[in-house]
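# Survey of secondary and tertiary structure
These are the residues of each chain, in order.
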Amino acid sequence: MIDSTRGRALATEAVAFALAAGAEQAEALVSATDHALTRFAGNRIHQNVQSEDAEVSVRAVIGTRIGVAATNRVDPQGLEACCIAAAEAARLAPEDPAFPGLPAGCNGEHADRVSASTLAFDADQRARAAGAMIAASAEAGAIAAGGVSRDHSVTAIANSLGTDVAMARTTVRATVLSTGAEGGTGWASFSGREVAGLDAAALGAIAADTARRSAGPIELDAGTYTVVLAPEAVAEIAQFVAWYGCSIKAVEEGRSFMSGRLGQRVTSPMITLVDDALRASACGLTFDYEGQPKTRVTLIDAGVAGSPVTDSYWAARTGRPNTGHALPAPNSQGPLPLDVALEPGDAEASGLIASVKRGIYVTRFHYVNIEDPTRVTLTGMTRNGTFLIENGEVTRPVKDLRFTQPALEALDTTLGVSAFRQLVGEDGGALVPFLLLERFTFTGRTS
Amino acid sequence: MRSFTQECLDAATAAGATYADVRVTDSRTQALSVRNGVVEGVSSGSSFGFGVRVVADGAWGFSASSEVTSESAVRVARQAVAIARASATVGARPIILSPLEAHTDRWSGPCGTDPFTVSTDDKLAVLFDADAAMRAQDGIAIATGGMSFLHERTTLASSEGSFIEQEWTESSAGIAAYAIGDGDVVTRSYPNSHGGGCFQGGWETIVALDLAGNAPRIAEQAVQLLAAPLCPGGTTTLILDGSQLALQVHESVGHPTELDRVLGDEAAFAGTSWVKPGDLGTLRYGSPIVNITADATVPGSLGSFGYDDEGVPARREHLVRDGVLAGFLSSRESAAAIGLGSSGAMRADGWARTPLVRMTTVSLEPGTAGTLDELIADTTSGVYMETNDSWSIDDKRLNFQFGCEIGWEIKGGKRGRMLRNPDYTGITPAFWGSCDAVCSPSEWRVWGLDNCGKGEPMQVAHVAHGAAPARFRNVRIGVGR
């Protein structure tokens, strides 16, 4: 696994090769990864993998012609061949008159987000963590499945205008699903930078307890219910809203809920959605894939459509500031917010439940997909801990339900937001609270 | 390469592996995309590396590296064994692999004109012609087109004596036209959504698509769709085109018959299955006219190979025969767990990933209902839907909901008015049980699908599905309306 210094050197070397190959401007992105994952199912470890790779992707520019080539052969010969291919692709590409050139040089310091204990989280330690997550289920006669992963990555970017940035990161992720008797299932997860934050036994206990409580679920009719969504479920909605609606490209092309509605109310004032890679607990990169510094962007500000994210291309094209949200070239998606956070409220999760006369508690969703991008209409299933709330208390488990719901309409009925937030998902992830929504439509059941 | 793979196997067995295999993969890619007359990307890539998979102390370990050297062969093989030994500390049970004869062989997929020898200019010309043809239609806001190409060469060697070299080429292309109205975006794609048409083959497969020739039709339909009424809610007879049926087969037959899912190995991520091991030969999956096969020998299909990534020879088997569950997609380990031989469905996404049970070409076999026009003529009332737009299915692969790009009412055996945002929902066995007609072989074709995600870390498999249009009774459409 190469370190940041070597990553930087590789990126600089690639830029030089690309210029020598005839590029007028050049950019190199180095991505080195060391990934390890221990998976378990049936109360045993059944897959256990590790892989290391280092890839260099080169963007060569001739006039407004652009070519991109990538390789994981990072010796000088491999690198040079890749740069020649990028320059050759640029020579053959048609002009893009709107291309403003590569962004100006940027060589600010970006602190590594690396934990020594995470780096040392080896196969033996991961096996012990897996065993700890399995223990509560095994004790209860249930079956545990899940995984515990450790990622170490180095990202370095250089360009011929002086950009020279690098950052190393570590992340840990653990998930556990407990399957008990009579259809009961439970789930718990952890995402973070520090392995010290992972309490594997506690996760296992939460999952096993939820599986016990969700045994023998009742069937509920489809319909519109008040819901309390746990962070895993909220993260799905927040990320779909951000990814489909909050890129300047989607806004400019009329594909976004923000198109023609910037500054207008789109959700309840209780909803403030931001993209913020700079927050202390974030795991993502603090620069984008052009090496530009990421900035905090308020996507939805107290219910009002705020600012979409941009990159150098779309900033130049629209006259907006570059917010630092470029994806790796070539990029047909436009800039994207990858470090989404929903601002906290002041409620306790238990208080949200206590305020519901009759509703549904959702632990998480499964296989959510978008049916209508402009309304962010989503469909998916509930999974691993769906409960009926009656008179302020979680009373009975409910069989999983399918929902079909415009996300913004649901967020417009927000009645409460918890103070507690959880980081959910991989890479940048989403930092989200519990939400109480007055109206959420379930359209089908499995019977 | 044989000396390198042998170094890996020797190091693994010396470290204590009771079984080992090594896969070396060298791949090359190219992708081009245009949008509204402008090139969005011309890119190429290459990736080279190897992965060592071992059994030690009765458990699995896998390690992979992009450094293909003698030093790393030993280091990575030893690391795989160390990982396996860590695996063995938690609930290990002996790993039993179904028997397999050792093979020494070479296999290559079909390729007429190597797409990597076709100039970038020629490729972009095809995309620009189609792009211009779409944008010639008034009302088209966005026109997109893309192509991608892959050449992959793999070497698999195992401690049981197999040494198998394979190489193949894949070519994909597609176009899409978007019409955007008052808060609405509609899309029409050709030849399919989600990447277009995907084939094992060369440049000739792209030429045969005639993207420019089909562009005016989909552009016109996109504009018409914007003004079309929403698909109404209700329960009706549904006819699906082959491309949508391909995804229906993928989600509701392919995934639930993957034996690793059935046995619970993917429970925490992708989910399990409504199918149980003991259902083989007895479970009523669909109506008696439903026959579904898994076939890794279909020429030109993304789901074809000579041997899977465990070295099991490609084969064709029924998953559903006359409506009854007849088989599983399986690996040597999962098949042995239920007393069967492997179906030859272990596939890995490149050198850095351990193989998983994946689909090959999983197809709804053609029926006898004639052409699509004849099937519509035989239908009193209902809806015909074409081309997938969205998909969702639960963790047991029972409760699904699909959106399509376009629909038409069927009245009196005739295709009537166009319908916008059509979708439908159902429960897997009830849906397949309601299938009462499948079109004839003349309508059957293979649809490649290059975005099948499964496993952790996520692996993307290239698979395929053969299908002809088919009819289903009493299906709920227009969900939530």
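Cut-off values and rules
Residues numbered from 1 in each chain as written. Chains lettered and ligands numbered in written order. Predicted model: local features only at pLDDT ≥ 70, side-chain atom pairs only at ≥ 80, totals over all residues. Heavy atoms only, no water. Helix = DSSP H or I, 4+ residues; strand = E, 2+ residues; numbered from the N terminus. Buried < 20%, exposed > 50% of the residue type's maximum accessible area, 1.4 Å probe, protein only. Areas by Shrake-Rupley, 256 points an atom, 1.4 Å probe, with all protein chains shown as cover. Lys, Arg positive; Asp, Glu negative; His and termini not counted. Charge placed at Lys NZ, Arg CZ, Asp CG, Glu CD. Rg over C-alpha atoms; globule rule 2.2 N^0.38 Å. Contact = heavy atoms within 4.5 Å. Buried area = accessible area lost by both parts, 1.4 Å probe. Salt bridge = Lys/Arg side-chain N within 4 Å of Asp/Glu carboxyl O. Polar contact = N/O pair within 3.5 Å; in protein donor to acceptor, adjacent residues only side chain to side chain. Phe/Tyr/Trp six-rings, centres within 6.5 Å; stacked < 30°, edge-to-face > 60°. Domains from an automatic or database assignment.

### So, the overall build of chain B
Of the regular secondary structure elements, chain B holds 10 helices and 23 strands. When its C-alpha atoms are laid out on the principal axes, chain B stretches across 70 × 55 × 40 Å. Residues classed as buried in chain B amount to 63% of the 481 residues present. Of the roughly 15,600 Å² that chain B leaves accessible, carbon and sulfur atoms contribute 50%. The average position of the 38 basic charges and that of the 56 acidic charges among the side chains of chain B differ by 4 Å.

### Re the overall build of chain A
For chain A, the count of helices and strands is 10 helices and 17 strands. Computed over the C-alpha atoms, the radius of gyration of chain A is 23 Å, within 12% of the 22 Å expected from 2.2 N^0.38 for a compact globule of 447 residues. The buried share of chain A, taken over its 447 residues, is 62%. For chain A, contacts bridging at least 24 residues in sequence account for 71% of all contacts bridging at least 6.

### Let's talk about the interface of chain B and chain A
Listed per partner, the contact involves 74 residues of chain B and 67 residues of chain A. In total, about 5,600 Å² of surface goes out of reach between chain B and chain A, with carbon and sulfur atoms giving 46% of it. Considering only the side of chain B, the residues that lose the most area to chain A are B:V90, B:A268 and B:E456, jointly responsible for 11% of the buried surface there. Of the charged contacts in the structure, one is a salt bridge between B:D265 and A:R44, with a shortest N-O distance of 3.6 Å. Our enumeration of links across chain B and chain A arrives at 45 residue pairs in polar contact (both at pLDDT 80 or more). At the level of secondary structure, the elements contributing two or more residues to the side of chain B that touches chain A comprise β1 (19-35), β2 (38-56), β3 (59-65), α2 (70-87), α3 (120-135), β16 (381-393), β17 (399-411) and β19 (423-427) of chain B.

### Let's talk about the packing of aromatic side chains
Residue and element names in this part refer to chain A. Inspection of every chain in the model, using the stated rule, returns 22 aromatic pairs over all chains. For the pair F403 and F440, a centre-to-centre distance of 5.2 Å together with 45° between the ring planes defines the contact as tilted. One end of the pair, F403, is in strand β15 (residues 401-406); the other, F440, is in strand β17 (residues 430-445), with 37 residues separating them in the sequence. Among the residues examined, F440 registers a relative accessible area of 1% and is labelled buried.

### Description of the environment of B:D295
Residues and elements named next belong to chain B. Relative to the elements of secondary structure, D295 occurs in strand β10 (residues 292-295). On a C-alpha basis, the gap between D295 and D26 in space is 25 Å, while along the polypeptide they are 269 residues apart. Excluding anything up to four places from it in sequence, D295 contacts G303, R315, R316, T360 and T361. Looking at D295, its side chain comes within polar contact range of the side chain of T297, at 2.5 Å.

### Some remarks on the environment of B:L356
Tracing the backbone shows B:L356 in strand β14 (residues 356-357). Considered as a pair, B:L356 and B:M346 are 10 residues apart in the sequence and their alpha carbons are 5.2 Å apart. Other than its neighbours up to four places away in sequence, B:L356 contacts A:Q47, B:E266, B:A345, B:M346, B:R347, B:K454, B:G455 and B:Q459.

### Brief notes about the environment of A:V274
Turning to its location among the elements, A:V274 is positioned in strand β8 (residues 273-275). Every residue in contact with A:V274, bar those within four places of it in the chain, is listed here: A:R296, A:V297, A:T298, A:L299, A:D339, A:V340, A:A341 and A:E343.

### Some details on the pattern of salt bridges
Scanning the model with the defined rule gives 49 salt bridges over all chains in all. One salt bridge in this structure joins A:R255 and A:E253, with 2.8 Å as the shortest N-O distance. Looking at A:E253, the relative accessible area reads 16%, which means it is buried. With a closest N to O distance of 3.0 Å, B:R188 and B:E405 form a salt bridge. In this pair, B:R188 sits in strand β7 (residues 185-190) while B:E405 sits in strand β17, placing the two residues 217 residues apart along the sequence. Taking the relative accessible area as the measure of exposure, B:R188 reaches 1% and is therefore buried. Through salt bridges with shared partners, one network takes in A:K249, A:E253, A:R255, B:R35 and B:E40.

### Focus on the domain arrangement of chain B
All names here are of chain B. Partitioning chain B into structural domains gives domain 1 (2-227) and domain 2 (234-477). Between domain 1 and domain 2, the C-alpha centre-to-centre distance is 21 Å. Taken together, the contact between domain 1 and domain 2 spans 48 residues of the former and 47 residues of the latter. Across the domain 1/domain 2 interface, buried area totals approximately 3,900 Å², and carbon plus sulfur atoms make up 51% of it. Connecting domain 1 to domain 2 are 5 salt bridges. With its nearest N and O atoms 2.9 Å apart, the salt bridge here joins E160 to R332. Where domain 1 packs against domain 2, one counts 21 residue pairs in polar contact (both at pLDDT 80 or more). Looking at which element gives the most residues to the side of domain 1 that touches domain 2, the answer is β2, with 6 residues.

### Let's talk about unusual backbone geometry
Residues and elements named next belong to chain B. In this structure, P191 follows Y190 across a cis peptide bond, with omega equal to -5°. When you line up the elements, P191 lands in the loop between β7 and β8 (197-200). For N36, which is not glycine, the phi dihedral falls at a positive 50°. Mapped onto the elements of the fold, N36 is located in the loop between β1 and β2. Overall, the relative accessible area of 28% leaves N36 in the partly exposed class. Although it is not a glycine, T387 adopts a positive phi angle of roughly 70°. Tracing the backbone shows T387 in strand β16.

### Regarding the domain arrangement of chain A
All names here are of chain A. We note that the domain assignment places domain 1 (4-207) and domain 2 (217-447) within chain A. Of note, the centres of domain 1 and domain 2, computed from C-alpha atoms alone, are 24 Å apart. Each partner contributes to the interface: domain 1 provides 32 residues, whereas domain 2 provides 37 residues. Here domain 1 meets domain 2 over a buried area of about 2,700 Å², counting both sides, of which 56% is carbon and sulfur. Contact with domain 2 buries area across many residues of domain 1, yet R113, R169 and W187 alone supply 22% of it, more than any other trio. If you look at where domain 1 meets domain 2, you find 1 salt bridge. Between E290 and R59 there is a salt bridge; the shortest N-O distance is 3.1 Å. Seen at the junction of domain 1 and domain 2, the total is 16 residue pairs in polar contact (both at pLDDT 80 or more). Mapped by element, the contributors of at least two residues to the side of domain 1 that touches domain 2 are β1 (25-41), β2 (44-62), β4 (143-159), β5 (164-179) and β6 (185-192).

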